[in-house]
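# Structural overview for review
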Amino acid sequence: MITGDLKNKVDQLWNAFWSGGVSNPLSVIEQITYLLFAKRIDDIHTNRENRANLLGEPIDKPIFLDGQAHLRWSRFKDADPEEKFRVFKDEVFPFIKQLNGAAGSSYTRFMADAVFIIPTPALLDKVVNMIDAIPMQDRDTKGDLYEYMLSKIATAGQNGQFRTPRHIIKLMVELTAPTPKDIIADPACGTCGFLVAAAEYLEHHHASVLVDQEENYHFHHSMFHGSDFDSSMLRIGAMNMTLHGIENPVIEGRDSLSEDHATNRNAYTLILANPPFKGSLDADAVAKDVLQVAKTKKTELLFISLFLKQLKPGGRCAAIVPDGVLFGSSKAHKDIRKELVEGQKLEAIISMPSGVFKPYAGVSTAILMFTRTDSGGTDDVFFYDMAADGFSLDDKREAVDANDIPDIITQYQAHRAGKGDFTDRTAKAFTVPKAAIAEQGYDLSINRYKEVEYEEITYDPPHIILDQLEALEAEIQQDLKELRGML
């Protein structure tokens, strides 16, 4: 997370767009994204150029060809405002739109309808200078900087879409522990935050994805799959992946639930998602196989059905769901929960406090984790009652000391390893046998199973309390009498 001077610089950049006439947060993000990408490709070309000079060899995969040097950030950034505006608008922007066009990459597809809307040379000159002054040599800083800008998309979408906090994404990635062989998908990918976090996890825990030829190709071309129906988000998501070093992720514009896109079945080994909650769809438009699990119009239930269809047998899923999914009383709610418990392997329910998604929404949510088996396998289900996530639970979301996330990871890993005692249901982490869940009609609400310890408080007998009240009353009357005597 960026702080201090760097955060102030990003805020000033944002304010410059606002005062310059570009006020829509999505538009600001898009325009900054184009500028960051122009700077990024110049940095990449410079690194390849330096390596080639050191080895005395031609540049490997040059981005800028002969006659295109003036399109490099390091060249046009120092031009006068009018010339800078002309070069970027008429030459650099069309250049980055068609970049990688021969490969037909996701980035190219979503850049096809991108529009440059910075209105004046003065605004472009100002924001180029501000971006150039932001230190982005460190890869983590670059990613955090982009995440911070994405956090400024503060309004929820029309169908209950809102951005998942980065630390919650990282928690879900840590719990599912992606491997170099995984095929990872997010069917409601938005800005691709889950896919980026999974890539970062793999680079940190499995360095072979960067050096092994086969794993590296899989990492860049076939490991990451995202889809969404919001074209602006897809463009930002594709750029987010590119800026984080993923060359050619499979990012597609589609309504994952619709009959028209009823493909990608038995396709993935890991799904990470925060699907939209509030939507209600026309049943005729929903893919028929998704409705086989539970007949409903509620998107949060339909997405769980979709995940079961899209996972390969043995594939695992971690998804954020509203609390209603865990205890809803409709037939569809009960059917989907029974399928997870009896037909698949339900792994864990991690209950989160309602402030986790503030300031976007105050809805109570949980992380639902399961493995597709098609033959059951649920044994003891891991429950965790998260009370704090390291930030205040009000609209300010300021950093605080209380944070259960490290303990969630430790306890879940211990549970998976068969270590530790999780029988105490007064603790934050405990397990519940499948039979007990079935007895409760497959209710998965943590409050159904968590035992609350009440602390006994001893009060004085009633006659003592009455004596104390009479003494206080006498004292008040005496004070009033003294006050009256002073008048």
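A brief look at the structure comes next. (Residues numbered from 1 in each chain as written. Predicted model: local features only at pLDDT ≥ 70, side-chain atom pairs only at ≥ 80, totals over all residues. Heavy atoms only, no water.)

Taken as a whole and assessed by the stated rule, the structure comprises two cavities of 30 Å³ or more. Taken as a whole, the second largest cavity encloses approximately 70 Å³ of empty space. Ala 185, Asp 186, Pro 187, His 225, Gly 226, Ser 227, Val 250, Glu 252, Arg 254, Asn 264, Tyr 268 and Gln 310 together form the lining of the second largest cavity. If you list the elements that add at least two residues to the lining of the second largest cavity, you get strand S1 (184–186), strand S2 (224–228) and strand S3 (250–253). (1 Å grid on protein atoms, 1.4 Å probe; cavity = no way out; pocket = protein on both sides within 12 Å on 5 of 7 lines; lining within 4 Å. Points joined across faces, edges and corners; volume = space filled by probe spheres on them. Helix = DSSP H or I, 4+ residues; strand = E, 2+ residues; numbered from the N terminus.)

What follows concerns the side chain of Ser 258. Considering the arrangement of structural elements, one finds Ser 258 in the loop between S3 and strand S4 (268–273). Exposure remark for Ser 258: the relative accessible area of 10% places this residue in the buried category. In this view, Ser 258 contacts Ala 285, Val 286 and Ala 287; residues no more than four positions away in its chain are not counted. (Buried < 20%, exposed > 50% of the residue type's maximum accessible area, 1.4 Å probe, protein only. Contact = heavy atoms within 4.5 Å.)

Glancing now at the packing of helix H1 (residues 4–19) against helix H6 (residues 121–132). Close contact between H1 and H6 brings their axes to 10 Å; oriented N to C, the two are set at 175 degrees. One finds that H1 runs roughly antiparallel with respect to H6. Counted together, Gln 12, Leu 13, Ala 16 and Phe 17 of H1 and Leu 123, Lys 126, Val 127, Met 130 and Ile 131 of H6 form the full contact between these two elements. In terms of residue class, the contact of H1 with H6 is built from seven nonpolar, one polar and one charged. (Axes fitted to C-alpha atoms, helices over the stretch in contact; angles between N-to-C directions. Parallel < 35°, antiparallel > 145°, perpendicular 65-115°, else oblique. Nonpolar A, V, L, I, M, F, W, Y, C, P; charged D, E, K, R; others polar.)

Enumeration according to the criterion identifies 20 salt bridges in this entry. Of the charged contacts in the structure, one is a salt bridge between Lys 84 and Asp 125, with a shortest N-O distance of 2.6 Å. Placement of Lys 84 in helix H4 (residues 81–98) and of Asp 125 in helix H6 is noted, with a sequence separation of 41 residues between them. Each member of the pair, Lys 84 as well as Asp 125, is classed as buried. Residue Arg 166 is joined to Glu 200 by a salt bridge in which the shortest nitrogen-to-oxygen separation is 2.8 Å. Of the two residues, Arg 166 sits in helix H8 (residues 166–176) while Glu 200 sits in helix H9 (residues 193–205), which places them 34 residues apart along the sequence. Look at the salt bridges and you will find they share partners, linking Asp 42, Glu 49 and Arg 72 into a network. (Salt bridge = Lys/Arg side-chain N within 4 Å of Asp/Glu carboxyl O.)

Before going further, it helps to examine the packing of aromatic side chains. Evaluated as defined, the whole model comprises 13 aromatic pairs. With a centroid separation of 6.0 Å and an interplanar angle of 45 degrees, the aromatic rings of Phe 303 and Phe 307 are classed as tilted. In this pair, Phe 303 and Phe 307 are both assigned in helix H14 (residues 299–310), four residues apart and thus about one turn of the helix distant. Owing to a relative accessible area of 0%, Phe 307 belongs among the buried residues under this scheme. An aromatic cluster is present here, built from Tyr 34, Trp 73, Phe 76, Phe 85, Phe 88, Phe 93 and Phe 116 joined pairwise through their rings. (Phe/Tyr/Trp six-rings, centres within 6.5 Å; stacked < 30°, edge-to-face > 60°.)

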